[in-house]
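Chain residues, written in single-letter form:
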Amino acid sequence: DVAYLRSVLPSTTEDAFFNYLATLDTSEVTVSAAPEGSVIFARVPFLQVKGPLLVVQLLETTLLCLVSYASLVATNAARFRFLAGPTVKLMEMGLRRAQGPDGALSASKYSYIGGFDYTSNILAGKLYGIPVRGTIAHSFIMSFTSLEEVQPRELSPLAGGEPVDLPALAESWLGRDFQGLLDTYCVRRSGLPNFCAVALALHQLGYWAIGVRLDSGDLAQQSKEIRQMLRACGAHFQVPWFETIPIAVSNDISEENLEEFSREGSEIDMIGVGTNLVTCPLQPSLGCVYKLVEVNGSPCLKLTEDEEKMTMPGTKTIYRLYDAAGHPFMDLMALEEEPSPSAGQELVVHVLGQLSETIKVVPTTVEPLHRTYFRDGQVCEPLPSLQEVRSHAQVSLSQLSPVHRRLQDPQPYPV
């Protein structure tokens, strides 16, 4: 690495600089952060790095790269989770549309943290233990031109016994009086009748069909029509579980689609989301910044004509203040040397955006937001598993007051 840097930096660069880089030591660096999966609001530092200036400057780009896209996708996933409601299962299926394989793998991981239940990315399942789910492709269905191509044809009953010709058994069900992926050709004329025939044939042999997926058209309306037909079929042939067969949907699902499903009502059990989840089209980037706030004990303040880019000087401690209902109602930034606030204690604070005024607040609970994770060259706080991070994220989101959590015109959260 040093040899490469010598080749690209000016020839007048002093040897002492390269010698310093060759012996770089991170043991003087301390990193404090909010736990993974915490809800973080605008202007609140979620990561604090202390150490020699050159070392912490070298960490800037790496740290921002690691947290920006992760936070963006987890937030986007949480929005989909809110819109879908608590009972509908969400499957991330954005591998083909993500920004390269590394972006896709990150998207699978952080959408799971944000509240998705499954991923179609098998590598993410292998590496991170995320539950994997998939479905049949249109191309697989289209590859068959007749039932003669189905091999093997025989399936043994689940309870044992002689193997049965499954395609022939399914065909026999098609001849009776009743009205995977249903819409390769036509949902009502071929997809649904064929699915019911196969599902009833499987039921006759002791098996349960897993579910159906819709990938085009008016998904909410089709789901209601399909549920009605499944109920009628189950009642007619006395197969009670038929009416509960899961219905999954996909097809470039967006937040707007989920709002439509909720508004119109649907019978959808699972939603597959790809492009609009992993590419974050409503906000393609997150404006994370990494700013110097203190050097050699002296606070630093960046003054700029753009007020949003002004920094809050000094090394700070962050506290989250909760009300009697258990909702966080304010985040407090205090200088590190200031006394810690206490539950039940009245605080006089300046709210960002209204700094000329003061207000008084009395928290029911006070939570220090940051923990020290890295000190003296060692990780000093147990790092949570992905499942633990996901659980913490969902708890953090659920604690938010509904006025702050709503997606349309949320009430600003004060800092």
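Please read all numbers here as calculations on a predicted model, not as lab measurements.

Topic: the nonpolar core
Right, on to step 1. Grouped together as the largest cluster of nonpolar side chains are 63 residues, with contacts concentrated most on Phe 195, Leu 230, Phe 242, Leu 258, Phe 261 and Ile 271.
Right, on to step 2. The element that contributes the greatest number of residues to this core is helix H8 (residues 187-204), accounting for nine residues.
Right, on to step 3. For Phe 261, the residues in contact, after removing those within four places along its chain, are Leu 219, Ala 220, Val 249, Ile 253, Ser 266, Ile 268 and Ile 271.
Right, on to step 4. If you look at the next biggest cluster of nonpolar residues, it comprises twelve residues, including Phe 41, Leu 397, Leu 400 and Val 415.

Observations regarding the UniProt feature "domain: Nicotinate phosphoribosyltransferase N-terminal" (unreviewed entry) in the chain
Right, on to step 1. Per the UniProt annotation, the sites labelled "domain: Nicotinate phosphoribosyltransferase N-terminal" (unreviewed entry) are residues 1-68.
Right, on to step 2. Secondary structure content for residues 1-68 is 46% helix and 12% strand, while the C-alpha to C-alpha distance between its ends is 26 Å.

Quick notes on the sheet that holds strand E7 (residues 212-214)
Right, on to step 1. Spatial ordering of the open sheet is given by E4-E3-E9-E8-E7, a layout of five strands whose pairing is parallel. Whereas interior strands pair on both sides, the edge strands pair on one side only; in this sheet they are strand E4 (118-119) and E7.
Right, on to step 2. Sheet topology places E7 next to strand E8 (residues 247-249); three bridges connect them, and they run parallel. Across the sheet, the residue bridging to Leu 214 is Val 249, located in E8.

Details of the pairing of strand E12 (residues 316-322)
Right, on to step 1. Within E12, six of the seven residues are buried, leaving the element largely enclosed by the surrounding structure.
Right, on to step 2. Here E12 pairs with strand E13 (residues 328-335) via seven bridges, running antiparallel. The partner of Arg 320 across the bridge, within E13, is Asp 331.
Right, on to step 3. Where E12 folds back on E13, the antiparallel hairpin that results is connected by five residues, among which Gly 326 adopts a positive phi of roughly 90°.
Right, on to step 4. Sheet topology note: the E12/strand E16 (residues 365-368) ladder contains four bridges and is antiparallel. Each bridged residue has a counterpart across the sheet, and for Tyr 319 the counterpart in E16 is Pro 368.

Digging into the sheet that holds E16
Right, on to step 1. Taken in spatial order, the three strands of this open sheet run E13-E12-E16, and their pairing is antiparallel. Of all strands in the sheet, those with a lone pairing partner are E13 and E16, marking the two edges. Looking at each pair of strands side by side, their axes are set apart by 25° on average, direction ignored.

Some remarks on a nonpolar patch on the surface
Right, on to step 1. Judged by side-chain polarity, Tyr 4, Val 8, Leu 9 and Phe 17 come together as a nonpolar surface patch covering roughly 370 Å² of accessible area.
Right, on to step 2. Residue placement: Leu 9 occurs in the loop between helix H1 (2-8) and helix H2 (15-22).

Here's the deal with the UniProt feature "domain: Nicotinate phosphoribosyltransferase C-terminal" (unreviewed entry) in the chain
Right, on to step 1. The sites that UniProt annotates as "domain: Nicotinate phosphoribosyltransferase C-terminal" (unreviewed entry) are residues 316-415.
Right, on to step 2. Helix makes up 18% of residues 316-415 and strand makes up 32%, while its end C-alpha atoms are separated by 13 Å.

Quick look at the environment of Leu 200
Right, on to step 1. In this structure, Leu 200 sits in helix H8.
Right, on to step 2. Each C-alpha atom of the pair Leu 200 and Val 295 lies 73 Å from the other, and the pair is 95 residues apart in sequence.

Digging into the packing of helix H3 (residues 53-84) against helix H10 (residues 255-264)
Two measures define how a pair of helices packs: the angle their axes make with one another and the distance between the axes.
Right, on to step 1. Close contact between H3 and H10 brings their axes to 9 Å; oriented N to C, the two are set at 15°. Between H3 and H10, the interaxial angle falls into the category roughly parallel. Considering how the two elements wind past one another, H3 and H10 form a crossing that is left-handed. Counting all contacts with H3, which are made through Asn 76, Arg 79, Phe 80, Leu 83 and Ala 84, the residues of H10 involved are Glu 255, Leu 258 and Glu 259.
Right, on to step 2. Residue classes in the contact of H3 with H10 are distributed as four nonpolar, one polar and three charged.

Conventions adopted
Residues numbered from 1 in each chain as written. Predicted model: local features only at pLDDT ≥ 70, side-chain atom pairs only at ≥ 80, totals over all residues. Heavy atoms only, no water. Core = buried A, V, L, I, M, F, W, Y, C linked by side-chain atoms within 4.5 Å. Buried < 20%, exposed > 50% of the residue type's maximum accessible area, 1.4 Å probe, protein only. Helix = DSSP H or I, 4+ residues; strand = E, 2+ residues; numbered from the N terminus. Contact = heavy atoms within 4.5 Å. UniProt positions renumbered as here; feature names shortened; annotations may be inferred. Pairing = 2+ DSSP bridges. Axes fitted to C-alpha atoms, helices over the stretch in contact; angles between N-to-C directions. Patch = residues over 30% accessible without salt bridge, like charges linked within 9 Å, V, L, I, M, F, W, Y side chains within 5 Å. Areas by Shrake-Rupley, 256 points an atom, 1.4 Å probe, with all protein chains shown as cover. Salt bridge = Lys/Arg side-chain N within 4 Å of Asp/Glu carboxyl O. Parallel < 35°, antiparallel > 145°, perpendicular 65-115°, else oblique. Left-handed = near helix turned anticlockwise from the far one by under 90°. Nonpolar A, V, L, I, M, F, W, Y, C, P; charged D, E, K, R; others polar.

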